[in-house]
Amino acid sequence: MKDISKSVRKVDSLIKMSGEAKYVSDIKIDGMLYAKTVRSSKSKAIIKKITLPVIPEGYHIIDHTDIPGKNFVKIIFEDMPVFAEKTVSYYGEPIMLVIGEDKNIITDIISNIEIEYEEVTPLFENTNSAINYHFTKGDSNKAFKNAKKIIKDDYDTGYQEQLYIEPQGMIGYIEGEKVTLIGSIQCPYYVKNAVISILEAEEDQVRVKQAVVGGAFGGKEEFPSLMACQLAVALRKIKKPIKLIYEREEDMEVTTKRHPAWIHMEAAINDKNEIDGLTAKVAIDGGAYIGLSGVVLSRALIASTGAYTIDNIEVGGDVFLTNTVPNGAFRGFGAPQMLFAVEMFIQHIALELELDPLELRLKYLAKQGDATSTRGKFRDPIIMNDMINKGMEMSDYKNKVKKYTEQGIYKGIGMSWFLHGCGFTGSGEANHIKALVKLQKDIDDKVTILIAAVDMGQGVQTTMKKIVAQILDIPLDQVIYNKPDTDLVPDSGPTVASRTIMVVGGLVARATKQLKEKWVDGEAIIVSERYKQPEYIKWDEDNFIGDAYPAYSWGVNIVEVEVSPITYQVSLVGIWSVYDVGKAIDERIIMGQADGGILQGVGYGYLEVMKNVNGKIQHKNVTDYIIPTTGDTAPMETFLMDNPYPLGPYGAKGAGELTLVGGAPAVALAIENAINKKVKSIPVTPEYIMELMKNG
Amino acid sequence: MAKIKFTLNNKVVEIEESPTARLLDILRDKYDFVGVKEGCGEGECGACAVLINDKIVNSCIVPLGTVEGKSIVTIEGFSKTKRHEVLRESFEEEGAVQCGFCTPGMLIASESLLNTNPHPTDEEIKIGLSGNLCRCTGYNMIIKAVKSASKKGDGLW
Amino acid sequence: MKNLIPKTYAEALEMLNNDNLRILAGGTDLMIQNRSWSNMLPDFKTGTILIFNLEELKYMVQEEHFLHIGSGMTLEDIKDNELTPKLLVDALKIMASPAIRNMATIGGNIGNASPAGDSLPVLYVLNALVVLESVEAMRDVPIHDFIIGPGKKTIKQNEIIKEIKIPTNNLTIVKFDKIGGRKADAISKISFAGAAHVKNNIIQDFRVAFGAVGPTVVRKYDLESHLVGLTLDDVSLNIKEILSEYGKYIRPIDDQRSNKEYRKEVALNLLESFILSL
Ligand SMILES: Cc1cc2nc3c(=O)[nH]c(=O)nc-3n(C[C@H](O)[C@H](O)[C@H](O)COP(=O)(O)OP(=O)(O)OC[C@H]3O[C@@H](n4cnc5c(N)ncnc54)[C@H](O)[C@@H]3O)c2cc1C
Ligand code: FES
Ligand code: FES
């Protein structure tokens, strides 16, 4: 049998290269109207009065008064309104849509809308905790009480903007009572459920379709539900097709971003110079509404010991609400912040104790059978030792790190080790998602994959087809996998959390095996599979005890840099990575994830600056928010080590987020190596490097 | 309003529009060439790139009035050429396409580069593509694809 | 609102004389500064005159005393022209991106008068003259008199930048540095242009200019003249003093791209490294 990892041509690249692929902004519907959002110009205020100009025939204002259901975007909590009512809680919060045919007239109407606010002092500090989690493992109190030395450090991380190159967009139309929304989305059923809730509609009155998605990275996980709810409300009232496409600046100012985080770490060192205990206290800025922030926080907390096993830990943290743009999902989902802190901290502990950092890290590296941070168990083999050796050999790490530590060279190399829990945290998969997949074989023996997973560039259209074709031993083009349409596909869950191949793909593989058994040429057959949590996995959601994830992917990133002592600018010299993703379903696709993920992670670590001042995002266009270009990237070498996971399809685990999460600590450690100063904050900008070199 | 005459994907066209209209809007809205993408609207991302007289420009900031008498090629026109075929093959082989939103612009940038420099070095490719942002690929696969196209398409450019 | 497309340069001068028109060249600044919602016309508050296609403004000629660069030359064309001084080539190479350089004109870079305009420190160092023409007259204005503040320049409503004149020189050492947020396609946090002529270890000519560290490009003629006639050793010995003199005039600001401490420090580092490289 052929090796599944052997790459095939991606099934969607031809139409993307000819320009034929239809993204949401490319879709035109006869009689279509345009919508533009009117937003709050205050960070926190009571809306006293809204004065509208005369609205010409054919133009519409849609606001909270038009909402049939309860005014919130359904996701976890009933906290974020679809349209602000009496108060606004962040700059840019949507208040209403202005809709019509001619953009000039819409613009004119908007410029004549007067909103009178009574300003309330906004909150920008981390004082209003909306969620607090706390858990322990072992006895950290004792460890700290008996400590010979306690080492403490504070780390912080900035915003990161997904900056998918295609801005957010949604288009909708209505047939009778039924609304259809087509969008640039990751999670068709999140959108559908939110729209059902806002319209108080029946299941069959809402249809959600995916357009070709021009990048998402988490940014199109929960945010599109807001746009969809607004459009759906408008569709019900206006009964004409409506298009809502964000301009880049609007997108950057008001859509969700990676949570800024502040992490305080302490280590209890015993008289044998061992790390006996560790505490982490985390604060993340949720922005004005909670959204997914609680889930982000829990992933961060669970990652508090990174790739290491520490016996006694105490971990806690808060989601703080501030009057700023709500933060949300972004590839890595809380882990990048925490892994940065952990990797820097263990390095700083070694420096403090005058130990060899590599030896210290190896000593605590997690092994199969170890207890996870939440007292679960690393059940599957961990091959990090081999991966680390491979990475060090590929990059000549050991020689370089020693050489570069000398003064006056201004070169550095940094290595990060990390893991990523695959799939939803805790029992989300079993209790909330309950994924269902279907396969449909037609009389012409073509097999259609019916799942809600979205290809946003990561290649699932190709990999899912490969899984089915390989198991059935049929050609790839005998398998059909269209963009999801909720009228046609069951809810196989959102396209998030590196769950798609491992969980959904696993179900697809099982369904395919079922189909194979039932296969009769020329007969129509439908099979389905629903997610069942493996028996041995137990999770206590309230106390963070048990197996937080069914499986873990592992990685090693090594980044080499040069720092200019004249301009303090960082140049990337080389990037090496070794990953254990179980088994690659398509090697080239994983390599693509690897290259793109690490550049996004490294960019987060040294380049991408986004700040808000008094609640306003300062870096709100692509000129000011700097992401890497071809000029910034570096040669990359990636090595995949097979370590098949029994429950994944062909042994595959998650891969999409893993490639991002170790980038920031690797580049930060490299810069630290180059300048011989402790780095405690990302992004490590030239301005920060200068400060460190002069004062730090 | 003014009458502007130009060649669009090898056809002579004339349109009566404001000379300050964005070329991007004209291409997408009036001619339905929606392979030309809008990523930023401020000249920074290259998703809207087209060729004017064989050279890359970002159509989101090109005033329509400046294309009078010129020849414009969008991805739709370019995709019918042998050179696109060679680039297409290489992009596929190297895995240079992910979400695809940057891809039309990347191909236009590659064509513009190879037009002036048929055998670029890696460094020259990086410079040639430096105005085209891609958030998915990390660029290396694209750089390799252009390099490989320049070899395979030897003599075409 | 009039948006005019002149067929000839003479016609352009007439049009400018008759109406209050905004000169639109490559549009790489103006189209962004005046942009509206997609698929709407940019909102120029006045009429415009589109000069990008005027062939009469696309030329480069070397005459005895001056190199003349037509204002309609694109950055890419100037970069690739053999007549272009190396210092200017070095700057153009790392400006913007190929797509922008194919539209952006030198007239527009000067006309935009941004403190971060990258050709400007070079043109200051090269003692460039801006040639302005109207139906009535033609006049030469030194670049440092032409630009008087961010976006502010001494140009009359009916005038156009016809060309840039660069006096012949014997500068043998030139250096351009651009510090942006990333390696390509970035707006400068700091830019630096340096040029010198050294003979027998003695400085004959010394010129440096800094961009993006003040409202306009900083070039200090008096400080430069103090260095002329000194030996390289003298200069190295006095480097601290020279830097501290320059430090008095480099007064950058904080903005979303950088902060003043960094800008000042790096500007002086660049100066130091230029001087020590002589
Ligand atoms: C993505 C991007 C990157 C950029 N990167 C850089 C960079 O790295 N460095 C840099 O310096 N700039 C950069 N720019 C800015 C811009 O490209 C330059 O300033 C360019 O030279 C402007 O030329 P233009 O022909 O497009 O000017 P336009 O936008 O047409 O005009 C600019 C100004 O000059 C005036 N003007 C133009 N021509 C004349 C004339 N002949 N006579 C009188 N007035 C005139 C106009 O009225 C206007 O005020 C960048 C722009 C973009 C969009
Ligand atoms: S849309 Fe034109 S450059 Fe981004
Ligand atoms: S492939 Fe997605 S932006 Fe390039």
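A. View of the overall build of chain A. Scanning chain A from N- to C-terminus turns up 18 helices and 28 strands. Here chain A has a C-alpha radius of gyration of 25 Å; the compact-globule value for 696 residues is 26 Å, and the two agree. Dimensions along the principal axes, computed over C-alpha positions, put chain A at roughly 80 × 70 × 45 Å. In chain A, which comprises 696 residues, the proportion classed as buried is 67%.

B. Examining the overall build of chain B more closely. Counting its secondary structure elements, chain B contains six helices and five strands. Going from the N terminus to the C terminus, chain B shows its helices and strands as β-β-α-β-β-β-α-α-α-α-α. In terms of C-alpha radius of gyration, chain B reaches 15 Å, essentially the compact-globule figure of 15 Å for 157 residues. Over its C-alpha atoms, taken along the principal directions, chain B stretches across nearly 45 × 30 × 25 Å. Long-range contacts, defined as pairs at least 24 residues apart, comprise 58% of the intrachain contacts of chain B with a sequence gap of at least 6. Of the roughly 4800 Å² of accessible surface on chain B, a fraction of 47% belongs to carbon and sulfur atoms. Of the charged side chains in chain B, 19 are positive and 22 negative, and the gap between their average positions amounts to 2 Å.

C. Inspection of the domain arrangement of chain B at higher detail. All names here are of chain B. Domains assigned within chain B are domain 1 (2–77) and domain 2 (81–152). Computed over C-alpha atoms only, the centres of domain 1 and domain 2 are separated by 21 Å. With 18 residues of domain 1 at the contact, the number on the domain 2 side is 14 residues. On the domain 1 side of the contact with domain 2, L51, I56 and I75 bury the most area, a combined 37% of that side's loss. Linking domain 1 with domain 2 are zero salt bridges, by the criterion used here. At the junction of domain 1 and domain 2, the tally comes to five residue pairs in polar contact (both at pLDDT 80 or more). Of all the secondary structure elements, the ones that give two or more residues to the side of domain 1 that touches domain 2 are β3 (49–52), β4 (55–58) and α2 (75–78). The leading source of residues in the side of domain 1 that touches domain 2 is β3, at three residues.

D. Quick look at the interface of chain C and chain A. With 25 residues of chain C at the interface, the matching set in chain A holds 30 residues. Taken over both partners, the interface formed by chain C and chain A buries close to 2400 Å², and the fraction arising from carbon and sulfur atoms is 54%. The largest per-residue losses of area from chain C upon contact with chain A belong to W37, R182 and K183 of chain C, which jointly make up 35% of the total buried on that side. The interface formed by chain C and chain A contains four salt bridges. Of the charged contacts, one joins R35 of chain C and E247 of chain A as a salt bridge, the two residues approaching to 3.2 Å between their closest N and O atoms. Where chain C touches chain A, the interface holds 18 residue pairs in polar contact (both at pLDDT 80 or more). When contributions to the side of chain C that touches chain A are tallied by element, the ones reaching two or more residues are β11 (173–180) and α12 (260–276) of chain C.

E. How the structure looks around the interface of chain A and chain B. Facing 53 residues of chain A, the contacting portion of chain B comprises 45 residues. Together chain A and chain B conceal approximately 3900 Å² of surface at their shared face, both sides included; 54% is due to carbon and sulfur atoms. Among the residues chain A hides against chain B, the three largest losses belong to M17, I165 and T630 of chain A. Together they make up 21% of the total. Across the contact surface, chain A and chain B share eight salt bridges. Note that K28 of chain A and D32 of chain B form a salt bridge whose closest N and O atoms lie 3.2 Å from each other.

F. View of the confidence of the model for chain B. Summary statistics for chain B give a mean pLDDT of 98 and a share of 100% for residues scoring 70 or more. Confidence metrics for the complex model read pTM 0.98 and ipTM 0.98.

G. Structural detail: helix α1 (residues 23–30) of chain B. Residues and elements named next belong to chain B. Counting buried positions along α1 yields six of eight residues, so the element is predominantly enclosed. All buried positions along α1 are accounted for by L23, L24, D25, I26, L27 and R28. Packing partners of the buried residues in α1 comprise β1 (2–8), β2 (11–17), β3 and β5 (71–73). D32 lies just past α1 and shows a positive phi near 65°.

H. Layout of the pattern of salt bridges. Taken as a whole, this structure holds 67 salt bridges over all chains when the rule is applied. With a closest N to O distance of 3.4 Å, R9 of chain A and E89 of chain B form a salt bridge. Of the two residues, R9 of chain A is situated in the segment before α1 (13–17) and E89 of chain B in helix α3 (residues 82–94); the pairing between them involves two chains. Given the relative accessible area of 37%, R9 of chain A is considered partly exposed. Residue class for E89 of chain B comes out partly exposed when judged on its relative accessible area of 32%. One salt bridge in this structure joins K220 of chain A and E166 of chain A, with 3.0 Å as the shortest N-O distance. On the criterion of sequence distance, the pair formed by K220 of chain A in the loop between β11 (206–210) and α5 (223–238) and E166 of chain A in the loop between β8 (149–157) and β9 (169–175) is long-range, its members being 54 residues apart. For the pair K220 of chain A and E166 of chain A, one class covers both residues: buried. It is possible to trace a salt-bridge network through shared partners that takes in R9 of chain A together with E89, E92, E93 and K152 of chain B.

I. Broad picture of the site of ligand 1. Among the 36 residues in the neighbourhood of ligand 1, the closest are listed as I23, T28, D29, T105 and K178 of chain C. Neighbouring residues of ligand 1 are not confined to a single chain but are spread across chains B and C. G26 of chain C has a polar backbone atom sitting 2.8 Å from an oxygen atom of ligand 1. Within the side chain of T28 of chain C, one N or O atom sits 2.6 Å away from an oxygen atom of ligand 1. Considering only residue class, the shell around ligand 1 consists of 16 nonpolar, 12 polar and eight charged.

J. Quick look at the domain arrangement of chain A. Residue and element names in this part refer to chain A. Partitioning chain A into structural domains gives domain 1 (2–121 + 163–254), domain 2 (261–425 + 545–695) and domain 3 (428–530). Measuring from the centre of the C-alpha atoms in domain 2 to the corresponding centre in domain 3 gives 33 Å. If you look at the interface, domain 2 gives 23 residues, while domain 3 gives 21 residues. Here domain 2 and domain 3 share an interface that buries about 1600 Å² over both sides, 69% of which is from carbon and sulfur atoms. Broken down residue by residue, the surface that domain 2 buries against domain 3 is led by F424, I585 and Y650, which jointly contribute 38%. Our count for the domain 2 to domain 3 interface comes out at one salt bridge. Between K466 and D586 there is a salt bridge, with its nearest N and O atoms 2.8 Å apart. The interface formed by domain 2 and domain 3 holds five residue pairs in polar contact (both at pLDDT 80 or more) in total. For the side of domain 2 that touches domain 3, the secondary structure elements donating two or more residues are β16 (411–422) and α15 (587–606).

K. Examining helix α4 (residues 103–116) of chain B more closely. Here α4 of chain B is 14 residues long and its end C-alpha atoms lie 20 Å apart, about the 20 Å a rise of 1.5 Å per residue gives. With 12 of 14 residues buried, α4 of chain B lies mostly within the body of the structure.

L. Representation of the packing of aromatic side chains within the structure. Scanning all chains against the criterion turns up 19 aromatic pairs over all chains. Their ring planes at 40° and their centres at 6.0 Å tell us that Y308 of chain A and W417 of chain A sit as a pair that is tilted. Taken together, the positions of Y308 of chain A in the loop between α7 (293–302) and β15 (312–321) and W417 of chain A in strand β16 put the pair 109 residues apart, joining distant regions of the chain. On the basis of an interplanar angle of 75° and a centroid distance of 5.9 Å, the ring pair of W539 of chain A and F544 of chain A is categorised as edge-to-face. Residue classification places W539 of chain A among the buried positions, given a relative accessible area of 15%. Looking at F544 of chain A, the relative accessible area reads 4%, which means it is buried. Put simply, the rings of F192, F206, F210, Y246 and F274 of chain C pair up and form one aromatic cluster. Over the ring of Y34 of chain A we find K103 of chain A; its NZ or CZ atom is 4.7 Å from the centre of that ring. The ring of Y249 of chain C has K220 of chain C lying over it, and the distance from NZ or CZ to the ring centre is 4.1 Å.

Parameters and conventions
Residues numbered from 1 in each chain as written. Chains lettered and ligands numbered in written order. Predicted model: local features only at pLDDT ≥ 70, side-chain atom pairs only at ≥ 80, totals over all residues. Heavy atoms only, no water. Helix = DSSP H or I, 4+ residues; strand = E, 2+ residues; numbered from the N terminus. Rg over C-alpha atoms; globule rule 2.2 N^0.38 Å. Buried < 20%, exposed > 50% of the residue type's maximum accessible area, 1.4 Å probe, protein only. Contact = heavy atoms within 4.5 Å. Areas by Shrake-Rupley, 256 points an atom, 1.4 Å probe, with all protein chains shown as cover. Lys, Arg positive; Asp, Glu negative; His and termini not counted. Charge placed at Lys NZ, Arg CZ, Asp CG, Glu CD. Domains from an automatic or database assignment. Buried area = accessible area lost by both parts, 1.4 Å probe. Salt bridge = Lys/Arg side-chain N within 4 Å of Asp/Glu carboxyl O. Polar contact = N/O pair within 3.5 Å; in protein donor to acceptor, adjacent residues only side chain to side chain. pLDDT = per-residue confidence, 0-100. Near = heavy atom within 4 Å. Nonpolar A, V, L, I, M, F, W, Y, C, P; charged D, E, K, R; others polar. Expected span 1.5 Å × (residues − 1). Phe/Tyr/Trp six-rings, centres within 6.5 Å; stacked < 30°, edge-to-face > 60°. Lys NZ or Arg CZ within 6 Å of the ring centre and 35° of its normal.

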